Amino acid sequence: MPVITTIQDLKEIYQRRVPRMFYDYCESGSWTEQTFGDNISDFAKLRLRQRVAVDMTNRSTASKMIGQDVSMPVALAPVGMTGMQCADGEIKAARAAAAFGVPYTLSTMSICSIEDVAAATDAPFWFQLYTLTDEDYSDRLIQRVKDANCSALVITLDLQILGQRHKDLKNGLSAPPKLTAKTIANLATKWSWGLEMLGTRRRGFGNIVGHVSGISDTTSLSAWTAEQFDQALDWKKVETLMKKWGGKVILKGILDPEDAKIAAKLGVDAIIVSNHGGRQLDGALSSIRMLPSIVEAVDGKCEVWMDGGIRSGQDILKAKALGATGTMIGRSYIYGLGAMGQAGVTKALEVMQKELDTTMALCGHRDINDVTRDILYIPEDFEGHWA
């Protein structure tokens, strides 16, 4: 393994190793990608307050997320088509997360199925659910999640309609990739990825193909998903899903204080401040900018996490300082997975934990749970003064 000191190191290996359409699927946003970029750059606007002559011994990054012990306040976010970034990617990511002591969230649009991941891992994982118009399939999916002993349901709220992602359209994104002249030319340069993919049977959407009548190939699947995202989703339907599940619920995609208040009243365990990684409403504010006002609006009625733009342990610390109980990382662990498989996910987590631990100490703290916004210098207009 080469010397890896940052998430950027993993990203560079990832870009060389993974086919272009799957790299672009991960590393892109919708429309102009303004929000995608702001998610990352807005972290840099927050500066850290150095403290000295403070006892730095016996440090701990350990915390809890919805009552679950975690080695640091991080969970692996749901990422569609993870099994196309690396053969059996969802299984490898879940195993790395469990060994490191952080939660893993499986996407509805995963390549490895719920049953695949449950059979290949020992620790309970979380499952992310899209709200779909096919109620029968949705009910059966929830039952499969229960049967797999998943410990929490993450309901995504910000994908009622798909934001246009130009690169995915131009690349003809599909799983498995369609063999056009352009695709074949690119795949020919990614031979190590190709050899690994030849060694697995998992190359389609495992949670859907074989579980929905009439879905047998990627063409029909694309048509089905385009029709199935529930544009009529409202809070009543969210409440119905919560009752059907009956366990711990996390709502993902909250970006407005008023929505956060409504979510908290439903009795959810946590909400995730998120703009879908800048892949939905381009022009929306970054997750880190919106975090403080949402924490204030919720007023302790449920946990508040944030997702979007986290590329370092310092970013995790900044989110924690602004009131987040926990964070979710997506692209940061996908870079590691695509670069080096399960070992790469572990390396990404190690890099981030070391950055988190060292920075926390240099800011004068030994326990991540004691960190507050007093470690930050925050621009006066950080949350914005909007007319």
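Residues numbered from 1 in each chain as written. Predicted model: local features only at pLDDT ≥ 70, side-chain atom pairs only at ≥ 80, totals over all residues. Heavy atoms only, no water.

What about the overall build of the protein chain?
Helix and strand counts for the protein chain come out as 17 helices and 12 strands. A globule of 387 residues ought to have a C-alpha radius of gyration of about 21 Å, and the protein chain, at 20 Å, matches this closely. When the backbone C-alpha atoms are referred to their principal axes, the protein chain occupies close to 65 × 50 × 45 Å. In the protein chain, buried positions account for 56% of the 387 residues. The contacts of the protein chain with a sequence gap of at least 6 include a subset with a gap of at least 24, amounting to 75%. (Helix = DSSP H or I, 4+ residues; strand = E, 2+ residues; numbered from the N terminus. Rg over C-alpha atoms; globule rule 2.2 N^0.38 Å. Buried < 20%, exposed > 50% of the residue type's maximum accessible area, 1.4 Å probe, protein only. Contact = heavy atoms within 4.5 Å.)

Re the pairing of strand 7 (residues 152-156)
Of all 5 residues making up strand 7, 5 are buried, and the element is well covered by its neighbours. By the alternation rule, side chains of strand 7 split into Ala152, Val154 and Thr156 and Leu153 and Ile155, which are all buried. Crossover strand 6 (residues 126-130) to strand 7 through helix 7 (residues 135-147) is right-handed. Looking at chain direction, strand 7 and strand 8 (residues 249-254) are connected through 4 bridges and run parallel. Note that in strand 8 the partner of Leu153 across the bridge is Val249. (Right-handed = clockwise from strand over helix to strand, strands pointing away. Pairing = 2+ DSSP bridges.)

Brief notes about the sheet that holds strand 4 (residues 74-76)
The strand order 4-11-10-9-8-7-6-5 describes an open sheet built from 8 strands, whose pairing is parallel. Each edge of the open sheet carries a strand with a single partner, namely strand 4 and strand 5 (105-106). The sheet contact formed by strand 10 (residues 303-307) and strand 11 (residues 326-329) spans 3 bridges and is parallel. Within strand 11, the position partnered with Trp305 by the bridge is Gly326. Each of strand 8, strand 9 (270-273) and strand 10 is contacted by helix 14 (residues 287-298), which is oriented at about 170 degrees to strand 10, the strand it contacts most. (Axes fitted to C-alpha atoms, helices over the stretch in contact; angles between N-to-C directions.)

Notes on the environment of Lys236
Secondary-structure assignment places Lys236 in helix 12 (residues 235-245). Residue classification places Lys236 among the exposed residues on the basis of a relative accessible area of 65%. Separated by 141 residues in the primary sequence, Lys236 and Tyr377 have C-alpha atoms spaced 40 Å apart.

What about the side chain of Thr200?
Relative to the assigned elements, Thr200 resides in the loop between helix 10 (191-198) and helix 11 (218-228). Since its relative accessible area comes to 6%, Thr200 is described here as buried. There is a polar contact of 3.1 Å between the side chain of Thr200 and the backbone nitrogen of Arg202. Once you skip the residues sitting within four places of it in the chain, Thr200 turns out to touch Ala87 and Asp88. (Polar contact = N/O pair within 3.5 Å; in protein donor to acceptor, adjacent residues only side chain to side chain.)

What to know about the packing of aromatic side chains
According to the stated counting rule, one finds 5 aromatic pairs in the structure shown. Ring centres of Tyr130 and Phe229 lie 5.3 Å apart, and the angle between their planes is 75 degrees; this geometry places the pair in the edge-to-face category. Taken together, the residues Tyr130 in strand 6 and Phe229 in the loop between helix 11 and helix 12 connect sequence positions 99 residues apart. Each member of the pair, Tyr130 as well as Phe229, is classed as buried. The structure contains a cluster of three or more aromatic residues connected by ring pairs, namely Tyr14, Tyr23 and Tyr335. A cation over an aromatic ring shows up here: Arg279 above the ring of Tyr25, its NZ or CZ 4.6 Å from the ring centre. (Phe/Tyr/Trp six-rings, centres within 6.5 Å; stacked < 30°, edge-to-face > 60°. Lys NZ or Arg CZ within 6 Å of the ring centre and 35° of its normal.)

Quick look at the pattern of salt bridges
According to the stated counting rule, one finds 20 salt bridges in the structure shown. Across the pair Arg202 and Asp88 runs a salt bridge whose closest N-O atoms are separated by 3.1 Å. Here Arg202, found in the loop between helix 10 and helix 11, pairs with Asp88, found in the loop between helix 4 (82-85) and helix 5 (89-100); they are 114 residues apart in sequence, far enough to count as distant. Exposure class is identical for Arg202 and Asp88. Each is buried. (Salt bridge = Lys/Arg side-chain N within 4 Å of Asp/Glu carboxyl O.)

Re the packing of helix 15 (residues 313-321) against helix 17 (residues 342-362)
Helix packing geometry: the angle between the two helix axes and the distance between the axes. Contact geometry of helix 15 with helix 17 gives a least axis separation of 7 Å together with a crossing angle of 55 degrees. As far as their axial angle goes, helix 17 and helix 15 are oblique. For the pair helix 15 and helix 17, the sense of crossing is right-handed. Residue-level inspection shows Gly313, Gln314, Ile316 and Leu317 of helix 15 in contact with helix 17, the latter providing Met352, Glu355, Leu356, Thr359 and Met360. Of the residues that constitute the contact of helix 15 with helix 17, the class distribution is 5 nonpolar, 3 polar and 1 charged. (Parallel < 35°, antiparallel > 145°, perpendicular 65-115°, else oblique. Left-handed = near helix turned anticlockwise from the far one by under 90°. Nonpolar A, V, L, I, M, F, W, Y, C, P; charged D, E, K, R; others polar.)

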